[in-house]
Amino acid sequence: MPMLADLDHPPRSRWRDLLVGVLCGLPVVALLAWLLLPSLMASVLGSAGDYDQRLRAEDAYMQAVCSEALDLERDEQLCECVLAVEYPALDCRQPFLRWSLDRHHARCAEPEVRKPSLTFCSCIDTLAERVATAEAAGEQPKAEIQRVGKCIELPDAFPLPELSALAPATK
């Protein structure tokens, strides 16, 4: 709505100020984009590549356990899922983490393994205790089982056992 003062002194156009602002800001934005975008893209793509590589390794491990080192009593829940789907690392994450929690917990009971991996074994022992408590109460400890992935990321974590160690003894 125009005011009386606008009749005597009309407001000046803001196009010139906008153009000056764009001309000053554009080089700054271009410089920041040139400096930051390549490292951001490399970070995102690198993380995605690492995740993809880890999933492929988990796929191969699960399928090898269920085909080469199957012990029905130990691996039944895991292999039920693994043998039913095409990409077990995506679809069988929960049973695999539960299975790996049991394997890691058993290995952490050995003193020669526990001492160099004390942080990892403490994390695994705590989760195993929480999972056992929740299962005894009749609950599904999904959140606790998901935390196994965080334990595995610890610097002193050790890998899952070799397939030869998992293979059942031939009779």
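In this report, the structure presented in the accompanying data block is examined. Note that this is a predicted model, so its numbers are computed, not measured.

## What about the overall build of the protein chain?
Part 1 of the reasoning: Counting secondary structure elements, the protein chain contains 10 helices and 0 strands.
Part 2 of the reasoning: Tracing the protein chain from N to C terminus, the helices and strands come up as α-α-α-α-α-α-α-α-α-α.
Part 3 of the reasoning: Expected size for 171 residues packed as a compact globule is a radius of gyration near 16 Å; at 29 Å, the protein chain overshoots this value by more than 25%.
Part 4 of the reasoning: Along the first, second and third principal axes, the C-alpha atoms of the protein chain reach 105 × 40 × 35 Å.
Part 5 of the reasoning: Across the protein chain, the fraction of contacts at a sequence separation of at least 24, relative to all contacts at a separation of at least 6, is 63%.
Part 6 of the reasoning: Carbon together with sulfur atoms contributes 62% to the accessible area of the protein chain, which is approximately 12,400 Å² in total.
Part 7 of the reasoning: For the protein chain, the distance from the average site of its 17 positive side-chain charges to the average site of its 26 negative ones is 6 Å.

## Looking at the packing of aromatic side chains
Part 1 of the reasoning: Under the definition given, this model contains 4 aromatic pairs.
Part 2 of the reasoning: Note on Phe 96 and Trp 99: the rings are 6.2 Å apart at their centroids and 20 degrees apart in plane angle, and the pair reads as stacked. Placement of the pair is Phe 96 and Trp 99 together in helix H5 (residues 93-108), with a separation of 3 residues, close to one helical turn.
Part 3 of the reasoning: Note on Phe 96: relative accessible area 4%, which makes it buried.
Part 4 of the reasoning: An aromatic cluster is defined as three or more aromatic residues linked by ring pairs; in this entry it consists of Tyr 61, Phe 96 and Trp 99.

## Overview of the nonpolar core
Part 1 of the reasoning: By size, the foremost hydrophobic cluster in this structure holds 16 residues, and its most contacted members are Tyr 61, Met 62, Leu 78, Phe 96 and Trp 99.
Part 2 of the reasoning: Among the elements that line this core, the one with the most residues is helix H2 (residues 15-67), at 5 residues.
Part 3 of the reasoning: Here Trp 99 is in contact with Tyr 61, Val 65, Arg 74, Asp 75, Leu 78, Leu 160 and Leu 166, once residues within four sequence places are set aside.
Part 4 of the reasoning: Counting 14 residues, the second largest nonpolar core, distinct from the first, contains Cys 108, Phe 120, Ala 128 and Val 148.

## Here we look at a nonpolar patch on the surface
Part 1 of the reasoning: Taken together, the side chains of Val 28, Leu 31, Leu 32, Trp 34, Leu 35 and Leu 36 make up a nonpolar region of the molecular surface, amounting to roughly 650 Å² of accessible area.
Part 2 of the reasoning: By the element assignment, Trp 34 lies in helix H2.

## Observations concerning the state of the cysteines
Part 1 of the reasoning: One pass over the full model with this rule turns up 4 disulfides.
Part 2 of the reasoning: The disulfide bridge from Cys 66 ends at Cys 79, spanning 2.1 Å between sulfur atoms. The chirality of the disulfide connecting Cys 66 with Cys 79 is left-handed, given an S-S dihedral of about -95 degrees. Here Cys 66, found in helix H2, pairs with Cys 79, found in helix H3 (residues 72-82); they are 13 residues apart in sequence, far enough to count as distant. Of the two residues, Cys 66 and Cys 79, neither departs from the other in class, the shared state being buried.
Part 3 of the reasoning: Bridging Cys 108 to Cys 121, the disulfide has an S-S length of 2.3 Å. Judged by the torsion about the S-S bond (-80 degrees), the Cys 108/Cys 121 disulfide is left-handed. Here Cys 121 lies in helix H7 (residues 118-136) and Cys 108 lies in helix H5, a separation of 13 residues in the sequence.

What counts and what doesn't
- Residues numbered from 1 in each chain as written.
- Predicted model: local features only at pLDDT ≥ 70, side-chain atom pairs only at ≥ 80, totals over all residues.
- Heavy atoms only, no water.
- Helix = DSSP H or I, 4+ residues; strand = E, 2+ residues; numbered from the N terminus.
- Rg over C-alpha atoms; globule rule 2.2 N^0.38 Å.
- Contact = heavy atoms within 4.5 Å.
- Areas by Shrake-Rupley, 256 points an atom, 1.4 Å probe, with all protein chains shown as cover.
- Lys, Arg positive; Asp, Glu negative; His and termini not counted.
- Charge placed at Lys NZ, Arg CZ, Asp CG, Glu CD.
- Phe/Tyr/Trp six-rings, centres within 6.5 Å; stacked < 30°, edge-to-face > 60°.
- Buried < 20%, exposed > 50% of the residue type's maximum accessible area, 1.4 Å probe, protein only.
- Core = buried A, V, L, I, M, F, W, Y, C linked by side-chain atoms within 4.5 Å.
- Patch = residues over 30% accessible without salt bridge, like charges linked within 9 Å, V, L, I, M, F, W, Y side chains within 5 Å.
- Salt bridge = Lys/Arg side-chain N within 4 Å of Asp/Glu carboxyl O.
- Disulfide = S-S within 2.5 Å.

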